[in-house]
Amino acid sequence: LYTVSTLPLADLPLIRQALNFETKMNYYIVHPTANTFTEACGVNNAYSAAIIGAATFSAILAALFHCSILTGHSDVKQMESNTTLDKGVLIFSAFCGIAGNAVHALGISKLSVPLAVLGRFLIGFGAADIVHRQFVVSTLHPSLVVAESARLVHFKVAGLLIGLIIGSLVELAPYKSI
């Protein structure tokens, strides 16, 4: 019992993979540089934990939000008629990731820890793991679910690694713009 979504299946994997990659890269790119940023702002280094943890906290809130939206939409017939809602959740997630990056960058350029935390908080709302899993289960034939789930995990790990590498390279660079 699987449905064929009205979403173009050719575009769906690319969108999910890009969102997974972007979300994980956003999570981990800040880890190597948060301490240097708080020092440049002249605040206690403990605020670097707030900058790092804001995304995780809002990702938990986003997961609860996504669960509450999707709880009533797990039925096959309802899922088929609610692809607009699911697309809306993915668009909201993508928008939050982009807006979070912009606010975080503004916080860095203004040396403002509150803006940086707000940006990281918005980035956490970009996490849509539950929605991705719901799409995989409801739009693919059961024989393809494991392969697509593994593909999504590969993109998450790639985002994690690239985020950490970029953050580390920025931290190690001899020129710091902060």
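This text goes with the structure placed above it.
Residues numbered from 1 in each chain as written. Predicted model: local features only at pLDDT ≥ 70, side-chain atom pairs only at ≥ 80, totals over all residues. Heavy atoms only, no water.

## A short note on the packing of aromatic side chains
All chains considered together, the criterion is met by 5 aromatic pairs. Measuring from ring centre to ring centre gives 5.2 Å for F121 and F125, while their planes differ by 85 degrees; the resulting arrangement is edge-to-face. For F121, a relative accessible area of 24% puts it in the partly exposed group. For F125, a relative accessible area of 17% gives the class buried. (Phe/Tyr/Trp six-rings, centres within 6.5 Å; stacked < 30°, edge-to-face > 60°. Buried < 20%, exposed > 50% of the residue type's maximum accessible area, 1.4 Å probe, protein only.)

## A few points about the pattern of salt bridges
All chains considered together, the criterion is met by 1 salt bridge. Across the pair R151 and E148 runs a salt bridge, and its minimum N-O distance is 2.4 Å. A residue pair is termed a helical-turn pair when its members lie 3 or 4 positions apart in one helix, as R151 and E148 do in helix α8 (residues 142-172) at 3 residues. For R151, a relative accessible area of 37% corresponds to the partly exposed category. Exposure remark for E148: the relative accessible area of 4% places this residue in the buried category. (Salt bridge = Lys/Arg side-chain N within 4 Å of Asp/Glu carboxyl O. Helix = DSSP H or I, 4+ residues; strand = E, 2+ residues; numbered from the N terminus.)

## Description of the environment of E39
As for its placement among the helices and strands, E39 is situated in helix α2 (residues 34-41). With relative accessibility at 47%, the residue E39 sits in the partly exposed group. Between the C-alpha atoms of E39 and L111, which are 72 residues apart in sequence, the distance is 10.0 Å. There is a polar contact of 3.4 Å between the side chain of E39 and the side chain of N45. (Polar contact = N/O pair within 3.5 Å; in protein donor to acceptor, adjacent residues only side chain to side chain.)

## Some words on the packing of helix α7 (residues 129-139) against α8
Packed helices, taken two at a time, are described by the angle their axes make and the gap between the axes. Interaxial distance between α7 and α8 falls to 9 Å at its minimum, and their mutual angle equals 155 degrees. For the element pair α7 / α8, the angle class is roughly antiparallel. Seen from above, α7 lies across α8 with right-handed handedness. On α8, the residues that touch D129, H132, R133, V136 and V137 of α7 are V145, E148, S149, L152 and K156. Tallied by class, the residues present in the contact of α7 with α8 amount to 4 nonpolar, 2 polar and 4 charged. (Axes fitted to C-alpha atoms, helices over the stretch in contact; angles between N-to-C directions. Parallel < 35°, antiparallel > 145°, perpendicular 65-115°, else oblique. Left-handed = near helix turned anticlockwise from the far one by under 90°. Contact = heavy atoms within 4.5 Å. Nonpolar A, V, L, I, M, F, W, Y, C, P; charged D, E, K, R; others polar.)

Function cannot be inferred from these measures alone, as they are strictly geometric.
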